[in-house]
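In case you want the letters, here they are:
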Amino acid sequence: VLKRADDFYGRTVVIAARISALALGGEVLASDLVHALARGLGTFTFGAPRTATLKGLEGSFSVYPVLG
């Protein structure tokens, strides 16, 4: 993430925005990276991954619903 003044930008911000736009009402989705970092903590429970394509980005991404 890059920051200039009070604005954040960069590829990471675009990915986060695209993933959050995929979430249904009341749903929280985590990227593959967030899932990998958080799953070992025991703080969150994740659902089965979904494969998503994100507008403007090549390839597919795994997103995980956060269950609790």
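Scope of this entry: the structure provided in the associated data block.

1. A word on the overall build of the protein chain
Counting secondary structure elements, the protein chain contains two helices and five strands. Each helix (α) and strand (β) of the protein chain, taken in turn from the N terminus, gives the series β-β-α-β-α-β-β. Judged by the C-alpha coordinates and their principal axes, the protein chain covers about 35 × 25 × 25 Å. Taking all 68 residues of the protein chain together, 24% fall into the buried category. Considering only contacts within the protein chain whose residues lie at least 6 apart along the sequence, 41% involve residues at least 24 apart. Accessible surface, the protein chain as shown: approximately 4900 Å² in total, 58% of it carbon and sulfur. Taking the 7 positively charged and 5 negatively charged side chains of the protein chain as two groups, their mean positions are separated by 1 Å.

2. Overview of the nonpolar core
Core analysis: the biggest nonpolar cluster contains eight residues, these being Ile 15, Ile 19, Leu 29, Ala 52, Leu 54, Leu 57, Phe 61 and Val 63. Secondary-structure elements contributing two or more residues to this core are α1 (11-22) and β5 (60-65). Not counting residues up to four positions away in its chain, the partners in contact with Val 63 are Ile 19, Leu 29, Ala 30, Ala 48, Pro 49 and Arg 50.

3. Section: the sheet that holds strand β4 (residues 50-53)
A sheet is described by the order of its strands in space; here three strands give the open sequence β3-β5-β4, paired in antiparallel fashion. With partners counted over all chains shown, the strands left at the sheet margins are β3 (29-31) and β4, one partner each. Each strand of the sheet is rotated relative to its neighbour by a mean of 45 degrees, with strand direction disregarded. Where β3 lies against β5, three bridges are found, and the strand directions are antiparallel. Looking at the pairing, Leu 29 lines up with Pro 65 of β5.

4. Digging into the side chain of His 35
On the secondary structure map, His 35 appears in helix α2 (residues 32-38). When neighbours within four sequence positions are excluded, His 35 is seen to be in contact with Ala 30, Phe 46 and Tyr 64.

So, how was this worked out
The residue numbers shown here count from 1 along each chain, following its written sequence. The predicted nature of this model means local features are confined to residues of pLDDT at least 70 and side-chain atom pairs, given and counted, to a pLDDT of 80 or more, with totals for whole chains, interfaces and linings taken over all residues. To obtain the side-chain values, all non-hydrogen atoms of the structure were used and water was disregarded. Strands are runs of DSSP state E lasting at least two residues, helices are runs of H or I lasting at least four, and both sets are numbered from the N terminus onward. Each residue's exposure class comes from its accessible area (1.4 Å probe, protein chains only) as a fraction of the maximum for that residue type: buried when under 20%, exposed when over 50%, partly exposed otherwise. Throughout, a residue-residue contact means that at least one pair of heavy atoms, one from each residue, lies within 4.5 Å. To measure how exposed things are, a 1.4 Å probe is used in the Shrake-Rupley method; for residues, cover is taken only from the protein chains shown. The charge count includes Lys and Arg as positive and Asp and Glu as negative, but it does not include His or the ends of the chains. Note on charges: their place is set at NZ of Lys, CZ of Arg, CG of Asp or CD of Glu. By nonpolar core is meant a set of buried Ala, Val, Leu, Ile, Met, Phe, Trp, Tyr and Cys residues that side-chain atoms within 4.5 Å join together. Here, a strand pair is defined by DSSP locating no fewer than two bridges between the strands. Axis definition: a line fit to C-alpha positions, over the contact stretch in the case of helices; interaxial angles, taken between N-to-C directions, run 0 to 180 degrees.

Keep in mind that these numbers describe shape and distance, not what the molecule does.
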